[in-house]
Amino acid sequence: MTAALRVPQELSAAVPAEQRGPGLDRDAVRLLVSRGAAEPCHHDFGALPELLAAGDVLVVNTSQTLPAAVDGRVGDGRGRGEPVVVHFSTCADRWHPAGRAVAGHWAVELRSPDGRGSTRPRAGGPAGTVVRLPGGARLVLEAPLDPGSARLWWARVTGAGVPELMRRHGRPIRYGYTERDQPLAAYQTVFALDGPGGSAEMPSAARPFTAELVARLVSKGVQFAPVSLHTGVASAEAFEPPYPERFVVPPATAWLVNAVRARRRTARGGAGGRIVAVGTTAVRALESAAGADGRVRAAAGWTDLVVTPQRGVRAVDGLLTGLHEPTASHLLMLEAVADAEVLRRAYAAAVERRYLWHEFGDLHLVLPD
């Protein structure tokens, strides 16, 4: 769909919106709107309440972002060793659907420092590789998550608990297009909840929401439905599909989505009653709990669902999301919500109008006719 599109490097958002000028807040981003076959239109994100209707439901991911990047050195301690950055991606709290890792193991990605504060790709392995971590902890690579890829490996950590290791020595994962390190608070959304689990990378579609904007939406009659999906380390460059992740769809969310959809089927006129997912993570969680009849049931566990145009969506009507790289597998999910030609026009307009990409960038709202 957009594979031939070239996104200029300067369109990568280097800093959060609130750092781009005095008096700005998180919601100081732009909003590209695709509605059915109509030409894309352009708004400030603050216009979202006017673009939604009373009775619409925003499904939001409440997963908190973890300080998942920890410095280490490859080696057994007899020499200084090669410096690496460990990205802690996913914890196998029980047997994991991919790779049959045992409880307590983590899927990790090893990256090489690039000398500018971020990292560059590095192959993992071989099995048995030891990474020395702060505080005397050690990480041992055991097996690749996917036998056909050397990027992610199952590993065990000794000498420290990983949550405590991240809390004391970790920082948010940062990529080369960003200008500098940011505090963990910059990577938390207004919907993030403290508790067990968390995401290696921010559920970034919800980042521009502020408490004030949420209040305006609620005053408009827009409802919010929480889900959680703890995201792992993405690979946006290589058409790599997402691997299994932990998710929860609470009973109250399942009830609300079903009730709104049932009311919409019987209502006469009016635009309300649309189920709009905030981010591809919210789509994956909600669709993992939706049956073939579209009815959502409370669910929790691991999901290996990949939403594609062929599979389609069953519970979601619209999507609020960031702008994705042309080779990202997330775009297949967008094509399940909107026609490929609609998305092609939208992304061409985004490049022409100089929209910003990635987690600190602008947003794209996809609505049905």
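Residues numbered from 1 in each chain as written. Predicted model: local features only at pLDDT ≥ 70, side-chain atom pairs only at ≥ 80, totals over all residues. Heavy atoms only, no water.

Caption draft 1: Summary view of the overall build of the protein chain. Within the protein chain, the regular secondary structure consists of seven helices and 16 strands. For 369 residues, the compact-globule estimate of 2.2 N^0.38 gives 21 Å, and the C-alpha radius of gyration of the protein chain, at 21 Å, lies within 12% of that figure. Relative to its full complement of 369 residues, the protein chain shows a buried share of 55%. Here the analysis covers contacts within the protein chain between residues at least 6 apart in sequence; of these, 70% occur between residues at least 24 apart. (Helix = DSSP H or I, 4+ residues; strand = E, 2+ residues; numbered from the N terminus. Rg over C-alpha atoms; globule rule 2.2 N^0.38 Å. Buried < 20%, exposed > 50% of the residue type's maximum accessible area, 1.4 Å probe, protein only. Contact = heavy atoms within 4.5 Å.)

Caption draft 2: Quick look at the nonpolar core. Among the nonpolar cores identified, the biggest contains 43 residues, and Val-57, Val-59, Val-249, Ile-275, Leu-286, Val-296 and Trp-357 are the most heavily contacted of them. Residue assignment for this core shows that the elements contributing at least two residues are strand E3 (57–61), strand E11 (223–230), strand E12 (245–249), helix H4 (251–266), strand E13 (275–278), helix H5 (280–288), helix H6 (330–337) and helix H7 (340–352). Counting 28 residues, the second largest nonpolar core, distinct from the first, contains Cys-91, Val-131, Met-166 and Tyr-175. (Core = buried A, V, L, I, M, F, W, Y, C linked by side-chain atoms within 4.5 Å.)

Caption draft 3: Structural context of the packing of aromatic side chains. All chains considered together, the criterion is met by seven aromatic pairs. For the ring pair Phe-191 and Phe-209, a centre distance of 5.4 Å and an interplane angle of 65° mean the geometry is edge-to-face. One end of the pair, Phe-191, is in the loop between helix H2 (162–169) and helix H3 (211–220); the other, Phe-209, is in the loop between H2 and H3, and 18 residues separate them in sequence. Geometrically, the ring pair formed by Tyr-347 and Trp-357 is edge-to-face, given 6.0 Å between the ring centres and 75° between the ring planes. Placement of Tyr-347 in helix H7 and of Trp-357 in the loop between H7 and strand E16 (363–367) is noted, with a sequence separation of ten residues between them. The exposure class of Trp-357 is buried, given its relative accessible area of 0%. We note Arg-30 situated over the ring of Tyr-355; from NZ or CZ to the ring centre the distance is 4.2 Å. (Phe/Tyr/Trp six-rings, centres within 6.5 Å; stacked < 30°, edge-to-face > 60°. Lys NZ or Arg CZ within 6 Å of the ring centre and 35° of its normal.)

Caption draft 4: Spatial organisation of the sheet that holds E12. Taken in spatial order, the nine strands make up an open sheet running E2-E1-E16-E15-E13-E3-E11-E12-E14, and their pairing is mixed. Either end of the sheet is taken by a strand with one partner, and the two such strands are strand E2 (41–44) and strand E14 (299–303). In this sheet, neighbouring strand axes are inclined to one another by 25° on average, regardless of whether the strands run parallel or antiparallel. Two elements, E11 and E12, share three bridges in a ladder whose sense is antiparallel. Along E12, the bridge assignment pairs His-230 with Arg-246. (Pairing = 2+ DSSP bridges. Axes fitted to C-alpha atoms, helices over the stretch in contact; angles between N-to-C directions.)

Caption draft 5: Representation of the side chain of Asn-61. Within the fold, Asn-61 resides in strand E3. Reaching out from Asn-61, the side chain makes a polar contact with the backbone oxygen of Leu-229 at a distance of 2.9 Å. There is a polar contact of 3.1 Å between the side chain of Asn-61 and the side chain of Thr-281. In this structure, Asn-61 is in contact with Thr-189, Phe-191, Pro-203, Val-227, Ser-228, Leu-229 and Thr-281, ignoring residues within four places of it in sequence. (Polar contact = N/O pair within 3.5 Å; in protein donor to acceptor, adjacent residues only side chain to side chain.)

Caption draft 6: Seen up close, H2. Along H2, the positions that sit buried rather than exposed are Val-162, Leu-165 and Met-166. The buried residues of H2 occupy an angular sector of 95° when the element is viewed end-on, so they sit on one face. More than 90 degrees from the buried face of H2, the exposed residues found are Pro-163, Arg-167 and Arg-168. Looking at the buried residues of H2, the elements they touch are strand E4 (69–74), strand E5 (82–91), strand E6 (106–113) and strand E10 (152–158). (Arc of directions from axis to C-beta.)

Caption draft 7: The arrangement of unusual backbone geometry in detail. Pro-126 follows Gly-125 through a cis peptide bond whose omega is 0°. Not every positive phi belongs to a glycine, and Arg-354 is a case in point at roughly 65°. Within the element layout of this structure, Arg-354 appears in the loop between H7 and E16.

Caption draft 8: Just the pairing of E10, in detail. When you tally the buried positions in E10, you get five out of seven residues, the bulk of the element. In terms of strand pairing, E6 meets E10 through four bridges, oriented antiparallel. Among the inter-strand pairings, Trp-106 is bridged to a residue of E10, identified as Ala-155. Strand direction decides the pairing type here: strand E9 (residues 138–144) and E10, joined by six bridges, are antiparallel. Counterpart to Leu-141 in the pairing with E10 is Ala-155.

Caption draft 9: Inspection of the pairing of strand E15 (residues 318–322) at higher detail. Across the five residues that make up E15, a large majority, five, are buried. Both faces of E15 are covered, namely the face carrying Gly-318, Leu-320 and Gly-322 and the face carrying Leu-319 and Thr-321. The pairing of E13 with E15 spans three bridges and is parallel. Within E15, the position partnered with Ala-277 by the bridge is Leu-319. Here E15 runs beside E16; their pairing, made up of four bridges, is antiparallel. Note on E16: the bridge partner recorded for Leu-320 is Leu-365.

Caption draft 10: Spatial organisation of the environment of Val-222. If you trace the backbone, Val-222 turns up in the loop between H3 and E11. With 86 residues separating them along the chain, Val-222 and Thr-308 place their C-alpha atoms 28 Å apart. Discounting residues that sit within four places of it in the chain, Val-222 has contacts with Leu-52, Ala-53, Asp-56, Leu-58 and Leu-217.

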